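Structural features, examined
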Amino acid sequence: MDRPTTPSRPPLRSVLLRSRKHTVLGVDPQHLIRWFFGGNASIAVIVLVLIMIFLLREGIDFLPTYRHELQTYRRAGLEFCDIIDQPLQQNQTLSSSLRQAISASLETLSKSARDRRDAAFLLKRQIEDKTTRTSESLSQALEKTPPLPPAELAKLRSEVQKAAAAASASLTYPDLFSAAEREQLQREFAALTPEVTDLPPLLQTLAADFTAKDREARTKFASLVQAQEEFEAATEPLQAVVDELKQHAQETKENAVEFEVLETNRLRLLEAAAKEKDPDEKASLIKEASASFTEAVNLAERIQAITSRATELREQVEKYAQVIEKAAAVLPTDAGTGVARTMVNDVREGIPVHAQAMRKAAAQLDSWRWDKPVSIFTVIGAFFFGTSWITNSSWQDFFGFVPLLSGSLVIAFIAILIATPVSVVAAIYTNQFASEREKELIKPVIEFIQAIPSVVLGFIGISLVGNLIKDVSEWSWLQWVPGFPIQERLNMFNAGCLLAFMAVPTMFSLSEDALNNVPRAYIDASDALGATKLQTVFRVIVPAGISGILSAILLGLGRVIGETMVVLLVAGNRIAIPDFSAGPGAIFQPAHTLTGIIAQELGEVSRGSSHWQALFMVGIVLFAISLLVNWCARAVARRFEPHKA
Amino acid sequence: MKTAILTLVTTFAAALSLQAQTTLRIRGSDTLGAKLVPQLAEAFKKQGGKVSFDIAAEGSSTAFTNLASGTAEIGMSSRKVKADERTLCRSKGVSLTEFEVAWDMITVVVNKNNPISDLSKKQLLQVFAGDIKDWSEVGGTPGPISVYTRNTSSGTYKDFMGLAMKGREYGTNSQKMAGNEQIASEVGSNPNGIGYVGYAYAGAKGIKIVSIGGSAPSPAAVKSYPLSRPTFLYTNGAPTGTTKAFIDFCLSTAGNAIIGKAGFVPLSIAK
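It should be emphasised that the depicted structure is a prediction, and the values quoted were computed from it without experimental measurement.

Brief notes about the overall build of chain B
A count of helices and strands for chain B gives 11 helices and 13 strands. The buried share of chain B, reckoned over its 271 residues, is 53%. Once local pairs closer than 6 in sequence are excluded, the contacts in chain B between residues at least 24 apart make up 75%.

Quick look at the overall build of chain A
Looking only at helices and strands, chain A features 25 helices and two strands. For 645 residues, the compact-globule estimate of 2.2 N^0.38 gives 26 Å, and chain A exceeds it by more than 25% at 36 Å. Overall size of chain A, expressed as C-alpha extent along the three principal axes, is 115 × 80 × 70 Å. Looking at chain A residue by residue over its 645 residues, the buried ones come to 32%. Sequence-distant contacts in chain A: of pairs separated by 6 or more residues, those separated by 24 or more amount to 79%.

Some details on the environment of leucine 122 of chain A
In this structure, leucine 122 of chain A sits in helix H5 (residues 90-130). Taking the C-alpha atoms as reference points, leucine 122 of chain A and threonine 132 of chain A, 10 residues apart in sequence, are found 15 Å from one another.

Notes on the interface of chain A and chain B
Each partner contributes to the interface: chain A provides 35 residues, whereas chain B provides 39 residues. Secondary-structure elements contributing two or more residues to the side of chain A that touches chain B are H5, helix H11 (236-275) and helix H24 (594-601) of chain A. Class assignment of the residues belonging to the side of chain A that touches chain B gives a composition of 12 nonpolar, 15 polar and eight charged.

Quick word on the confidence of the model for chain A
In this model, chain A carries an average pLDDT of 86, and 96% of its residues clear a pLDDT of 70 or more. The secondary structure element of chain A with the lowest average pLDDT is helix H1 (residues 12-21) of chain A, at 60, and the one with the highest is helix H17 (residues 402-433) of chain A, at 94.

Here's the deal with the nonpolar core
Counting residues in hydrophobic clusters, the biggest one holds 76 residues, and the most contacted among them are Val109 and Phe264 of chain B. Looking at this core, the element that brings in the most residues is strand S5 (residues 96-111) of chain B, giving nine residues. Beyond its immediate chain neighbours, meaning those up to four positions away, phenylalanine 264 of chain B contacts Leu36, Ala102, Trp103, Asp104, Tyr199, Ala200 and Ile259 of chain B. Core analysis: the next-biggest nonpolar cluster, separate from the first, contains 53 residues, Ile416, Ile446, Leu557 and Leu569 of chain A among them.

A closer look at helix H4 (residues 78-88) of chain A
Here H4 of chain A has its buried residues at Leu78, Phe80, Cys81, Ile84 and Leu88 of chain A. Buried residues of H4 of chain A, seen end-on, are gathered within an arc of 160° and therefore sit on one face of the element.

Here's the deal with the environment of valine 540 of chain A
All names here are of chain A. Considering the arrangement of structural elements, one finds valine 540 in helix H22 (residues 533-562). C-beta crowding within 10 Å serves as the criterion here: with 18 such atoms nearby, valine 540 is assigned to the partly exposed category. Here valine 540 is in contact with Tyr522, Ile523 and Ser526, once residues within four sequence places are set aside.

As for the environment of glycine 162 of chain B
Residues and elements named next belong to chain B. Looking at the secondary structure, you find glycine 162 in helix H7 (residues 155-164). We classify glycine 162 as partly exposed; it has 13 C-beta atoms within 10 Å. Spatially, the C-alpha atom of glycine 162 lies 9.4 Å from that of leucine 227, the residues being 65 residues apart in sequence.

Some words on the pairing of strand S3 (residues 51-57) of chain B
All names here are of chain B. Taking burial as the measure, the seven residues of S3 include five buried ones, the bulk of the element. Of the strand pairs in this sheet, strand S2 (residues 22-28) and S3 are connected by seven bridges, and their pairing is parallel. Considered in S3, the bridge of arginine 25 is made with aspartate 54.

Some remarks on the pairing of strand S12 (residues 228-236) of chain B
Residue and element names in this part refer to chain B. Among the nine residues that make up S12, eight are buried, leaving the element largely enclosed by the rest of the structure. Of the pairings in the sheet, the one linking S5 to S12 comprises nine bridges and is antiparallel in character. The residue of S12 that forms the bridge with phenylalanine 99 is leucine 233.

With respect to unusual backbone geometry
All names here are of chain A. With omega at -10°, the peptide bond leading from phenylalanine 484 into proline 485 counts as cis. One can find proline 485 in the loop between helix H19 (454-473) and helix H20 (492-516). Notably, asparagine 392 is not glycine yet its phi reads approximately 50°, a positive angle. One can find asparagine 392 in the loop between strand S1 (389-390) and strand S2 (398-399).

A short note on the packing of H11 of chain A against helix H5 (residues 83-91) of chain B
To describe two helices that pack against each other, one gives the angle between their axes and the distance between the axes. In contact at an axis separation of 11 Å, H11 of chain A and H5 of chain B are set at 0° when each is read in the N-to-C sense. One finds that H11 of chain A runs roughly parallel with respect to H5 of chain B. From H11 of chain A, Glu258, Val261 and Asn265 of chain A reach across to H5 of chain B, where they touch Ala83, Asp84, Thr87 and Ser91 of chain B. Of the residues belonging to the contact of H11 of chain A with H5 of chain B, the class tally is two nonpolar, three polar and two charged.

So, helix H9 (residues 201-220) of chain A
Residues and elements named next belong to chain A. Taking 1.5 Å per residue as the helical rise, H9 with its 20 residues ought to reach 28 Å, and the 29 Å between its terminal C-alpha atoms agrees with that figure. Those residues of H9 that fall on the buried side of the exposure criterion are Leu206, Phe210 and Ala217. The arc that holds every buried residue of H9, seen down its axis, measures 40°, which confines them to one face. Residues Pro201, Gln204, Ala208, Ala212, Arg215 and Thr219 are exposed on H9 and point more than 90 degrees away from its buried face.

What about the confidence of the model for chain B?
Per-residue confidence for chain B averages 83 on the pLDDT scale, and 92% of its residues sit at or above 70. Predicted complex metrics record ipTM = 0.77 and pTM = 0.80.

Cut-offs used in this document
Residues numbered from 1 in each chain as written. Chains lettered and ligands numbered in written order. Predicted model: local features only at pLDDT ≥ 70, side-chain atom pairs only at ≥ 80, totals over all residues. Helix = DSSP H or I, 4+ residues; strand = E, 2+ residues; numbered from the N terminus. Buried ≥ 20, exposed ≤ 12 C-beta atoms within 10 Å, placed from the backbone. Contact = placed C-beta atoms within 7 Å. Rg over C-alpha atoms; globule rule 2.2 N^0.38 Å. Nonpolar A, V, L, I, M, F, W, Y, C, P; charged D, E, K, R; others polar. pLDDT = per-residue confidence, 0-100. Core = buried A, V, L, I, M, F, W, Y, C linked by C-beta atoms within 7 Å. Arc of directions from axis to C-beta. Pairing = 2+ DSSP bridges. Axes fitted to C-alpha atoms, helices over the stretch in contact; angles between N-to-C directions. Parallel < 35°, antiparallel > 145°, perpendicular 65-115°, else oblique. Expected span 1.5 Å × (residues − 1).

Listed below in structure tokens is the structure:
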């Protein structure tokens, strides 16, 4: 099409010159536009700096606050009690093993009786569930005043009977019962009504059978049962002393904390009163201030009551250690099963270790000083290397970072392990092998994943993935997998799978870009040398794009570490370091995460408390981790950048 | 985090009406706020209260933080206010007034297929403190116990510690769940699970109630059941106007009927 020429257009030079003549308030509009654009860019930077300042401002006070709390913990004598109380918990662990050993031993005799009893009760329960509606309406009718006419009651009764008969006929009775017993069970179940409270006769017999068998088993393994009871009872005198001291320490702490709160309040009120002009208001403030007064706690005197008992405590520990060592020596070797024998042996070996630990703890009591100041390094150590995160406790709050960090890291590791092969391989395929039509399908679909809200994924994790993993873990031919069958459907592996799914779009897109950026000349050269397509891909393109792929993986990691909603809903929220002694099966344990704890607890704590500051501290660390990961991603991208052809 | 925010009525008609409508903001316990208080609010409106409710239930601690900062008229709590919370409120010029509204029974639940139907008080303590690790130790089918508890903001979390655990800490193997419903669903799906819920939630699918030392929770046995506890509403100072009307309604016979139906024990029976 030919366009008519436009001779009326002014020459370019004059247009440019003219535009300079327009000014807004003496400023060139071009400058204004530049500032506008530059301003927008700097807003992002300013907001980021503000976020950092805010996080630091709220979080940095944590260290002094926590230090103060730990100081109170020490001065009130709580630490002193914990020296003995903490290792004493080991007694329960050993006791637990013994109880399990006993139960396993008893089972050799009583298992069949118990299974039969439990199965019968389970069946009864199923019948009751199936007849709930009719039996409830009958019992409601029976309670009515005035009583219903007998005819109506009879009708309800017959309905209940009909339902019970139908339910008992529809049950499958396990092979544990003989044919005659099955028949009797069915007959008895059919007669179940809410009006009869006695157990059906056969159920009573089964229960009695079990009790008899259990008693028989207990006589057979009497020595083991007795050893367990003695072992558990051995703590009692020591525990009594510790509990008494603990109560005293707790009281001291409560009084000290109350005094502090009231004192700060009083000083604040007095300060307000000093500034107040209105005499009435001033008087009321001063009055309120004087009401907020309590006696200061004499810590030195209170602690005396605890430390003076150190000798007694040491004697008790020594006595306890001797008793349990004696118990270990006479621990019987004849347990019922192999498992039980192993457990008893473990306990026999565990007791001397435990006794030794108790003695060591008792020796520490002497060197403990209530007025030894808590150094800031101890506090930093207690936060970054602390192994327990205990909040809202009635004894002492501890903010230890390790359980949360380990949960976050394990989940991120699982997610990256799953997402990396999927996204990188998908990127290679899309970039190198896929036809145009396939590309048009794959890319938008993968990028669409990003649009799924994470809370929706969380619900999928609870209701679908969790059950799926659990069901799969119960397949008999998969039992060689460590950790199978799994116990919890909400666990780190579940969360890792979902996070992998969330990380795939980021990692896929960035990897694909990286492959796209490989200079055309490399590929041409490889082709010219006669390489096949596969050789070109794996020997030339992937190595050339490796920096981009690595930084894609790192950015995916950043996305995974920071994700909150999914881990909060799916990870199981158990605040403990995963038990890595379980081997790779540990990934099926529940855990809590850095992001999850902030989301779960921040809404509920009072502003400015140590718990609030601790959560901000976790936020700061999380922020630092994200920055570090991003910085690494950039560094990697620069380091391995292919030389531009 | 399960944020059960139920903005109950902001109907179009009400929005159009020229009469200014008061909003009651109620914050606090999940035990009270998920079922009971919304039902009471609904009934209160039906009987003619021109008021809209804004209820958020995220744990008893939030009742006091909200009352202190003036972002709630009524706080719901499944435990008594702690001394430091009272001090916090006082320092912000808020004096708390307490109303006992109903009794709740913390109900210990296990999976329906678990043969255990009774635990002694000592066993219960040991299970939740992590001393007992395996069901075989209490006479059940061998298998590691999974303990589900509420999270730390919950009044039930704290109450259970006081009522059942003599102030001991939960074991480190416990898993902290956001609400009663979540505990019920996890215990219902895990044959080795144990947890506790408010009595109103004990009827959920797949779980069964465990009696404690032979005492099973039921409205008639509220005094003898070891894990019974009162639940409270708190206001700033003596309530006035709509707040007072609503609290009076909760304590009335009509309110008691709703409390009973929602699975709590009204004061008329508990006292």
